[in-house]
Amino acid sequence: MPCCNVAHWRMRAVTLGITFLLTGSINNCADVFNSVRLNIPSFPRNGQVIEGSIYDDPNDVEWLISWMGLGSLFGIVPFAMLYQRFGARYVLFISGITCSVVTALLPSFLETNYFVSAVLRFIQGITFAADFGVIGYVASQWSSMSGLGMSLAILSGFIALRDVVQQPINYFMAKSDWAWNIYVMAILAFTFSIIWVIVYRDMPIDSPWISEDEILRINEGKSLSHVEGKMAVPIRKAFNDWRMWGLWAAAFIDTFTAFFWMLYAPDFFEKLGFDLKQRATLVMSLGVSFLAAKFITGFLSDHARCVSQLVRVRVSAFFCFLGPALASFMIPLTTHYTAYVMLLIFVCLTGTNVGGFYKACLLMYRQYSYFVVGTLQVFKTLSLILSPVLKSLVASDGALAQYHVVSFGFGVALLIGLALLLASASDEKRYWVEDEDEKPIKEKHPITP
């Protein structure tokens, strides 16, 4: 059967697509403040407080960034429990609606009431935490075992929408009312929340638009407990699993290094001598290359059937860690456009992580992958909090030489991450993952991802 047969993946594509758009919109709502804060007239400039502003300390604005990060940390455990008890459909819907309303209220208070602004940013962070667990949850239920790569590419790519969507909007609205940047993100989150709750179902079999053939293909090779959505995680067994800790450690190194560059790429490009328009274009290109690498890796990871799943995971690991490590070592030796090219290679190859630790998590932990993958997403929050700390300690002046030190350190860390992933990854279910001897779907034919 040709792999392009739409009937084989129609509802999977719709479900993964709307999940990508909603999680990306929630992420943009939580992050848009970071993009527009330099355009708000009453905010401190270069350490100088604006007369008449409610911000009497330049650090007040930085705290508004931290409040979002703290809120997301606060929301991690509650959302994991909510997904386990109620599923993802209404939990993510309520989170998206709440995030859109809170985001729409934010411009009214940013220049008039610091306390309310901080509370709204904290709530934004809580709703952002809903993005974390939904990737593993949706991929586990809606992807076939041979189609995990592309599913993860779509679901985990939402973080790149920050560069792909926000940068063009911020550039074209730079001379207009800054509040409209925020309103646009709120409208998108509200719209996609409505579409999500209409289209999405926690179990494929509950969808009124799915075909029987597509259900068979999604469930083929899965255990009965996996298909029935038995999601209660045996926490003690999970935390005693050394391979899980190895995957988490490798994933944190990958996430932190990539997030730091995505966060501070505009400042780095400014130090390289690029103007505003050039910086907007270059930052957007990082996000586009990141997404492209994810989709290409996802496709190849699913279709390179001449080698085992473990070989595919390990090849992706080399691209994800060794490639960026070499680019990190080269950045201090380059200038201007060549430095940009090295950073582009770094960010692009980071996108191949969907075939590495992401895929290993779903292969090893199956129906519990929402918990394991959800923890990987927590690293984005930790990166949001720790990246400014690293910059203040090592690159406080934002000088090129300081960025070069950071880049070299990232290269060393990525080599350590590669060793951890190679030691921890497997294509076999872990010993504590609940299973049934009888498969719900007989393996009658190869699956078309």
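The name given to the protein chain in an unreviewed UniProt entry is Major facilitator superfamily (MFS) profile domain-containing protein, with the source organism recorded as Mesorhabditis spiculigera. Taken directly from UniProt, the Subcellular location (unreviewed entry) text for the protein chain runs: "Membrane".

(A) Seen up close, the overall build of the protein chain. The secondary structure content of the protein chain amounts to 18 helices and zero strands. For the protein chain, contacts bridging at least 24 residues in sequence account for 83% of all contacts bridging at least 6. Accessible area of the protein chain: about 18100 Å², with a carbon and sulfur share of 68%.

(B) The nonpolar core, seen in detail. Within the largest apolar cluster, 132 residues are counted, with the highest numbers of intra-cluster contacts made by Trp196, Phe269 and Leu343. Looking at which element gives the most residues to this core, the answer is helix H12 (residues 242–271), with 17 residues. Each residue touching tryptophan 196, except ones within four places of it in the same chain, is listed here: Ile18, Thr19, Leu22, Ala88, Arg89, Leu92, Phe93, Val134 and Val138.

(C) Quick look at the packing of H12 against helix H18 (residues 400–424). The N-to-C vectors of H12 and H18 enclose an angle of 160 degrees; their axes lie 9 Å apart at closest approach. In terms of orientation, H12 lies roughly antiparallel with respect to H18. Note on packing geometry: the crossing formed by H12 with H18 is left-handed.

(D) Expanded view of a nonpolar patch on the surface. Taken together, the side chains of Trp63, Trp67, Leu70 and Leu73 make up a nonpolar region of the molecular surface, amounting to roughly 340 Å² of accessible area. Checked against the element boundaries, tryptophan 67 lands in helix H2 (residues 59–86).

(E) Local environment of the side chain of aspartate 31. You can see aspartate 31 is positioned in helix H1 (residues 10–36). A relative accessible area of 6% places aspartate 31 in the buried class.

(F) The packing of helix H3 (residues 89–109) against helix H8 (residues 179–199), seen in detail. Viewed as axis vectors pointing N to C, H3 and H8 meet at an angle of 160 degrees, and their least axial separation amounts to 8 Å. Of the possible angle classes, the one that applies to H3 and H8 is roughly antiparallel. In the packing of H3 onto H8, the handedness of the crossing is left-handed. Contact with H3, carried on its side by Arg89, Tyr90, Leu92, Phe93, Gly96, Ile97, Ser100, Thr103, Ala104 and Pro107, involves Ala179, Ile182, Tyr183, Ala186, Ala189, Phe190, Ser193, Ile194, Trp196, Val197 and Ile198 of H8 and no other residues of that element. Considering only residue class, the contact of H3 with H8 consists of 16 nonpolar, four polar and one charged.

(G) Representation of the side chain of lysine 359 within the structure. Tracing the backbone through its elements, the reader meets lysine 359 in helix H16 (residues 357–365). Of the residues examined, lysine 359 reaches a relative accessible area of 0% and is grouped as buried.

(H) Quick peek at the packing of aromatic side chains. In total, this model carries 25 aromatic pairs according to the counting rule given. Centre to centre, the rings of phenylalanine 269 and phenylalanine 274 are 6.0 Å apart; their planes meet at 85 degrees, and the pair counts as edge-to-face. Taken as a pair, phenylalanine 269 and phenylalanine 274 share a single burial class, namely buried. Taken together, the ring pairs connect Phe252, Phe256, Phe260, Trp261, Tyr264, Phe268, Phe269, Phe274, Tyr337, Tyr340, Tyr403 and Phe410 into an aromatic cluster.

(I) Structural view of H8. The first and last C-alpha atoms of H8 sit 31 Å apart over 21 residues, in line with the 30 Å expected at 1.5 Å per residue. Among the residues of H8, Ala179, Asn181, Ile182, Val184, Met185, Ala186, Ala189, Phe192, Ser193, Trp196, Val197 and Val199 are the ones counted as buried.

Quick notes on the rules
Residues numbered from 1 in each chain as written. Predicted model: local features only at pLDDT ≥ 70, side-chain atom pairs only at ≥ 80, totals over all residues. Heavy atoms only, no water. UniProt positions renumbered as here; feature names shortened; annotations may be inferred. Helix = DSSP H or I, 4+ residues; strand = E, 2+ residues; numbered from the N terminus. Contact = heavy atoms within 4.5 Å. Areas by Shrake-Rupley, 256 points an atom, 1.4 Å probe, with all protein chains shown as cover. Core = buried A, V, L, I, M, F, W, Y, C linked by side-chain atoms within 4.5 Å. Buried < 20%, exposed > 50% of the residue type's maximum accessible area, 1.4 Å probe, protein only. Axes fitted to C-alpha atoms, helices over the stretch in contact; angles between N-to-C directions. Parallel < 35°, antiparallel > 145°, perpendicular 65-115°, else oblique. Left-handed = near helix turned anticlockwise from the far one by under 90°. Patch = residues over 30% accessible without salt bridge, like charges linked within 9 Å, V, L, I, M, F, W, Y side chains within 5 Å. Salt bridge = Lys/Arg side-chain N within 4 Å of Asp/Glu carboxyl O. Nonpolar A, V, L, I, M, F, W, Y, C, P; charged D, E, K, R; others polar. Phe/Tyr/Trp six-rings, centres within 6.5 Å; stacked < 30°, edge-to-face > 60°. Expected span 1.5 Å × (residues − 1).

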